[in-house]
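Structural characterization, general
Below, each chain spelled out in residue letters.
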Amino acid sequence: MDLQILLNEIAAEMPTAPDRGTVARYIPEFDCVDPARFAIALALPGGECLTAGDADEAFWLQSISKFFTLAIALGRLGDRLWTRVGREPSGLAFNSILQLESEAGIPRNPFVNAGALVVIDAILTASTPRAVLAEILSFIRSAVGEEDIHINKSVAASEQNTAHRNMALAAFMAAYGNMNNAAALTIGTYVHQCAVEMSCRQLALSGRFLTGMAGAPRLISTARVRRINALMMTCGHYDGSGEFAYRVGLPGKSGVGGGILAVAPGRASIAVWSPGLNAQGNSQLGTLAIERLARATGWSVFG
Ligand code: GLN
C-alpha cells in the first residue's frame, strides 16, 4: 500500500465530513484557530515522515503533553509515582473533580487533569518551574529530533488566568496531602507544559520513542514504553477512551488543541490535527482520520 496516497486521500476526504466538531473557546487564543485546518503525519521506521494537509502549522499540545511529563516522572520516581496516582480509566471528563473526594485525593490516572497535576507536582519536588520546563522542552526536542519547539507564552498566560478548575483540583488534592508544592507553582508549570506548540509533522516524530521501531530515539526503557502505551489506550481519551480503542485499536493521546498522537508499535507514530472537538474534548475529524488510517493499513494492537 502506498501510504502517501492514503494520507492524501484521508486529507481530501476529511473536509467533506458532515460534523467537524467544535473548537475549544475557553481562552481567547482559540478565537484565531481556523476550524477548517486539518493535518495528518506518519513517522516511519528509518526516519521517514509522510504528511498531508496543514502539517507544518503549529498548534498547542495541551493534554498531549501529559505523556511526555509521565515519561519524565517515571524516569525520576519510578513506581513510587503510583502511590499518588492510579492507573484506571475515569469514565469522566478530563477536568472532573467528582472522584477525588470518594477516592481520598488520588486521581484515577495520569491523563485526567488531576493526575497530570500530581505528575508535574512530583517532578517539581526538589526542582523549580523553570528547570522543569527546560527539562520538558529538552525531552520533547530530543523526541522530535529538532530544536525549534517552544512554549506559547500568551496561551500559557491565558490558561493561568482561567485555571479555576485546575486550581480547585490542586486545592482538593492538597487537602488530602497529595500536593507537595504550592498550587501556584504546580499550575504555573502545568499551563506552560500545555502551551508547548509544534506542528503535526513534529508531533508524529515526537511519538517515535513509543513505537519501538528501528531508528526511533530511545528515551525510556521498553518496559516503560509498554506501560505508557497501556495507559494511553485505557485513559488517553478520557471518557472517550473505550470508543477510541474500539474504533482505532491503537494507543492514543488527545488534547483540546485538536491534536492526537497514536502509536502503532513497530510500524509508525501517527499524528493528526483538526481543531474541532467532540463531546469528550477529543478531535472529531482527528479520530475519524486515524480510524480510517488504521482500517486501511490493518494496524491494530488487537491482532
Ligand atoms: N489546558 C487544558 C486544561 O488544563 C488541557 C486539557 C486538555 O487538553 N484536555 O484544561
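Remember, it's a predicted structure, so these values are computed and weren't measured experimentally.

1. Observations regarding the overall build of the protein
- Tallying secondary structure elements over the protein gives twelve helices and ten strands in all.
- Its C-alpha radius of gyration of 18 Å places the protein within 12% of the 19 Å reference for a compact globule of 303 residues.
- Each principal axis of the C-alpha atoms in the protein carries an extent, and together these give about 55 × 40 × 35 Å.
- The contacts of the protein with a sequence gap of at least 6 include a subset with a gap of at least 24, amounting to 71%.

2. Some thoughts on the pattern of salt bridges
- Taken as a whole and assessed by the stated rule, the structure comprises 13 salt bridges.
- For Arg 292, the salt bridge identified is with Glu 9, shortest N-O distance 3.4 Å. Here Arg 292, found in helix H12 (residues 284–297), pairs with Glu 9, found in helix H1 (residues 3–13); they are 283 residues apart in sequence, far enough to count as distant.
- Using a relative accessible area of 39% as the deciding quantity, one classes Glu 9 as partly exposed.

3. Quick word on helix H10 (residues 222–235)
- The first and last C-alpha atoms of H10 sit 20 Å apart over 14 residues, in line with the 20 Å expected at 1.5 Å per residue.
- Buried within H10 we find Val 225, Ile 228, Asn 229, Leu 231, Met 232, Met 233 and Cys 235.
- In this fold, the buried residues of H10 make contact with helix H2 (65–77), helix H11 (241–247), strand E7 (252–254) and strand E8 (259–264).

4. Topic: the packing of aromatic side chains
- Considering all chains together, one arrives at ten aromatic pairs under this definition.
- Aromatic side chains Phe 67 and Phe 68 sit 4.2 Å apart centroid to centroid with 35° between the ring planes, which places their arrangement in the tilted category. Both residues of the pair, Phe 67 and Phe 68, count as buried.
- Plain terms: the ring middles of Phe 172 and Tyr 176 are 5.8 Å apart, the flat faces sit at 45° to each other, and that makes the pair tilted.
- We classify Phe 172 as partly exposed; its relative accessible area is 26%.
- Residue class for Tyr 176 comes out partly exposed when judged on its relative accessible area of 37%.
- Taken together, the ring pairs in this structure connect Phe 67, Phe 68, Phe 139 and Phe 209 into an aromatic cluster.
- The ring of Trp 82 has Arg 87 lying over it, and the distance from NZ or CZ to the ring centre is 5.1 Å.

5. Some details on helix H8 (residues 183–194)
- An ideal rise of 1.5 Å per residue puts 16 Å on twelve residues; H8 measures up with 16 Å between its terminal C-alpha atoms.
- Burial analysis of H8 places nine of its twelve residues in the buried class, which makes it a mostly covered element.
- When H8 is considered as a whole, its buried residues turn out to be Thr 186, Ile 187, Gly 188, Thr 189, Tyr 190, Val 191, His 192, Gln 193 and Cys 194.

6. Description of the site of the ligand
- Every residue lining the ligand is accounted for by Tyr 26, Gln 62, Ser 63, Phe 94, Asn 113, Glu 159, Asn 166, Tyr 190, Cys 194, Tyr 238, Gly 255 and Val 256.
- Side-chain polar atom of Gln 62 to a nitrogen atom of the ligand: 2.7 Å apart, as the coordinates give it.
- One of the side-chain nitrogen or oxygen atoms of Glu 159 is found 2.7 Å away from a nitrogen atom of the ligand.
- Surface burial for the ligand is 94%, taken as the share of its 290 Å² of free accessible area covered by protein chains.
- Taken together, the residues of the shell around the ligand sort by class into six nonpolar, five polar and one charged.

Parameters and conventions
Residues numbered from 1 in each chain as written. Predicted model: local features only at pLDDT ≥ 70, side-chain atom pairs only at ≥ 80, totals over all residues. Heavy atoms only, no water. Helix = DSSP H or I, 4+ residues; strand = E, 2+ residues; numbered from the N terminus. Rg over C-alpha atoms; globule rule 2.2 N^0.38 Å. Contact = heavy atoms within 4.5 Å. Salt bridge = Lys/Arg side-chain N within 4 Å of Asp/Glu carboxyl O. Buried < 20%, exposed > 50% of the residue type's maximum accessible area, 1.4 Å probe, protein only. Expected span 1.5 Å × (residues − 1). Phe/Tyr/Trp six-rings, centres within 6.5 Å; stacked < 30°, edge-to-face > 60°. Lys NZ or Arg CZ within 6 Å of the ring centre and 35° of its normal. Near = heavy atom within 4 Å. Polar contact = N/O pair within 3.5 Å; in protein donor to acceptor, adjacent residues only side chain to side chain. Areas by Shrake-Rupley, 256 points an atom, 1.4 Å probe, with all protein chains shown as cover. Nonpolar A, V, L, I, M, F, W, Y, C, P; charged D, E, K, R; others polar.

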